[in-house]
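Read off the chains here:
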Amino acid sequence: MSVGETPITIVGNLASDPELRFTNTGDAIARFSVASTPRSYDKATGQWRDGTAMFLRCTAWRDLANHVAESLTKGMRVVVTGRLRQHNWQTDQGENRSMLALEVDDIGPSLRFATVKVDRVQRNGATTGPATDAWNTAAPPTAGSAPASGAGFSDEPPF
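Keep in mind it's a predicted model, so treat the numbers as computed, not measured.

A. View of the nonpolar core. Grouped together as the largest cluster of nonpolar side chains are 18 residues, with contacts concentrated most on F32, V34, A60, V68, V80, V104 and I107. When residues of this core are traced back to their parent elements, those giving at least two are β1 (6-14), β3 (28-36), β6 (54-61), α1 (62-71), β7 (77-90) and β8 (96-109). In this structure V104 touches F32, C58, T59, A60, L64, V80, T81 and G82, once residues within four positions along its chain are discounted.

Structure below.
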């Protein structure tokens, strides 16, 4: 991140399925919108009240774009971090326009109301299996088999 950029984190729901496209040079780009709606509790009525929804246009690039398109769908609650960008243009009638958008650095499903299964991906695109799992999350050895050096889990405390 460069000096003077505006980092931001937003939590909300995908307003539509991510749209995956490719540039002329072959780079993947995923575009999607996140709707974030503030809620407040109204003590007088004893109910939650929705505020005005904010829709923020988001763009993810390269591997992240592919992962977003493969993993996320409309309605999913997500946590998105990135850099806020302002885009300026002029209409055919000569009117100046601008909009804010989020260039995504990282995104994931919110685990507040959901669970997920994670498949780690190597840089070459292959899914990691137990033999190449850098986090050592391989299944424990079956009864009668000896764990490989540093592999598997143990019920013994680490001290």
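B. Quick peek at unusual backbone geometry. For R62, which is not glycine, the phi dihedral falls at a positive 55°. Its location among the elements puts R62 in helix α1. Residue class for R62 comes out partly exposed when judged on its relative accessible area of 47%.

C. Representation of α1 within the structure. Those residues of α1 that fall on the buried side of the exposure criterion are L64, A65 and V68. What you see down the axis of α1 is that its buried residues fit within an arc of 100°, all on one side. Lining the buried residues of α1 we find β2 (19-22), β3, β6 and β8.

D. Summary view of the pattern of salt bridges. Here the structure, examined in full by the defined rule, presents ten salt bridges. For E19, the salt bridge identified is with R21, shortest N-O distance 2.6 Å. One network of salt bridges, with partners in common, ties together E5, R83, R85, E103 and D105.

Reading guide: rules and limits
Residues numbered from 1 in each chain as written. Predicted model: local features only at pLDDT ≥ 70, side-chain atom pairs only at ≥ 80, totals over all residues. Heavy atoms only, no water. Core = buried A, V, L, I, M, F, W, Y, C linked by side-chain atoms within 4.5 Å. Buried < 20%, exposed > 50% of the residue type's maximum accessible area, 1.4 Å probe, protein only. Helix = DSSP H or I, 4+ residues; strand = E, 2+ residues; numbered from the N terminus. Contact = heavy atoms within 4.5 Å. Arc of directions from axis to C-beta. Salt bridge = Lys/Arg side-chain N within 4 Å of Asp/Glu carboxyl O.

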